[in-house]
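# Chains, contacts and geometry: an overview
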Amino acid sequence: MRILLVEDDNRVADALTGSLRRNGYEVVRAGNAADALAAPAVDLVLLDLGLPDRDGIEVCRQLRARGSVPVIAVTARGGEPDRVRGLRSGADDYVVKPFSAAELLARIEAVLRRSMPRRAAEDRLVTVDGLEIDLRRRTVTLDGQPVPLTRKEFDVLAVLVRAEGGAVPRDRIIVEVWHTTYAGMSRTLDVHMANLRGKLGRAGSAVRTVRGVGYRLAATDRTVPDTAPEAPRVSRSEQSTSASPPAAADA
């Protein structure tokens, strides 16, 4: 299980790296936003929000736009507005410095458990009336021919696919795709949904409107990969410790 640790304070990064490695995690380190966004694929991101070259909130949004990798914001910004902003940017959890190693490890375990169904869905190939949707490769074909969706159109479709036939509220789609709660985005969603249905051809009828709620993708057949996602390997050697990794104020 590989974790990307994005932290510009070497003292804090060293302490966290040692703790994570002793508990069975492989650690990839990045000291700024540029290195974080260029890092290889990982299973979870620990993201300091006070980075020297870019606001961590923006980095979180970019990571979320790329896929479903879980993100835990690690920061000294403990106020309620900061926590709300961090979670709305796409973070799965929010940890305020200083914190104990045991607390951080427990939060990592919890986030990984919650993300397993989402990550498993990313590995699935979904077919709907001749339409083939590959979430991992971000491709869509109809009767074997590529369907040229924009990034946002694919993101909207992916939200519906992950719901596995369930109704997805309009505001949830807006938050997951555009990372905002601005009410004016409702019209933007309507336009994208109309364009998406048109590009999907006859399969566009599978995108159903759920009156008063939102949308759902009907009649999905799923092919599950042969290999299941790797379960997190976490030892309990540090769960009893009360030592806190050194804290550093965000820039």
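Right above here is the structure, for reference.
Residues numbered from 1 in each chain as written. Predicted model: local features only at pLDDT ≥ 70, side-chain atom pairs only at ≥ 80, totals over all residues. Heavy atoms only, no water.

### Points about the nonpolar core
Core analysis: the biggest nonpolar cluster contains 31 residues, and Leu131, Ile133, Val140, Leu157, Ile173 and Leu217 have the highest contact counts within it. Listed by contribution, the elements that provide at least two residues to this core are β6 (125–128), β7 (131–134), β8 (139–142), α6 (151–162), α7 (170–178), α8 (185–199) and β12 (214–217). Here this core gets seven residues from one element, more than from any other, and that element is α6. Other than its neighbours up to four places away in sequence, Val140 contacts Leu131, Glu132, Ile133, Gln145, Pro146, Val147, Leu149, Phe154, Leu157 and Leu200. (Core = buried A, V, L, I, M, F, W, Y, C linked by side-chain atoms within 4.5 Å. Buried < 20%, exposed > 50% of the residue type's maximum accessible area, 1.4 Å probe, protein only. Helix = DSSP H or I, 4+ residues; strand = E, 2+ residues; numbered from the N terminus. Contact = heavy atoms within 4.5 Å.)

### A few points about the side chain of Asp155
As for its position among the elements, Asp155 is in helix α6. When neighbours within four sequence positions are excluded, Asp155 is seen to be in contact with Arg138 and Val177.

### Notes on unusual backbone geometry
The residue after Lys97, namely Pro98, is reached through a cis peptide bond having omega -5°. Here Pro98 shows up in the loop between β5 (93–96) and α5 (101–122). The phi dihedral of Arg138 is positive, around 55°, even though this residue is not glycine. Considering the arrangement of structural elements, one finds Arg138 in the loop between β7 and β8. Taking relative accessible area as the criterion, Arg138 reaches 33% and is therefore assigned partly exposed. If you check the backbone angles, Asp143 has positive phi at about 55° while not being a glycine. Structurally, Asp143 can be placed in the loop between β8 and β9 (145–146).

### A few points about the sheet that holds strand β11 (residues 207–210)
Strand order across the open sheet formed by three strands is β10-β12-β11, with antiparallel pairing between neighbours. For this open sheet the edge positions go to β10 (168–169) and β11, each flanked by a neighbour on one side alone. Pairing between β10 and β12: two bridges, direction antiparallel. Residue Pro169 lies in a different strand from β12, and its bridge partner there is Gly214. Each of β10, β11 and β12 touches α6; the most contacted strand, β12, lies at about 70° to it. (Pairing = 2+ DSSP bridges. Axes fitted to C-alpha atoms, helices over the stretch in contact; angles between N-to-C directions.)

### Let's talk about the packing of α7 against α8
Packed helices, taken two at a time, are described by the angle their axes make and the gap between the axes. Two elements in contact, α7 and α8, have axes whose closest approach is 10 Å; the angle formed by their N-to-C orientations is 85°. Taken together, α7 and α8 sit at an angle that is classed as roughly perpendicular. Residue-level inspection shows Arg170, Ile173, Ile174 and Trp178 of α7 in contact with α8, the latter providing Met185, Ser186, Thr188, Leu189, Asp190 and His192. A breakdown of the residues in the contact of α7 with α8 according to their chemical character gives five nonpolar, three polar and two charged. (Parallel < 35°, antiparallel > 145°, perpendicular 65-115°, else oblique. Nonpolar A, V, L, I, M, F, W, Y, C, P; charged D, E, K, R; others polar.)

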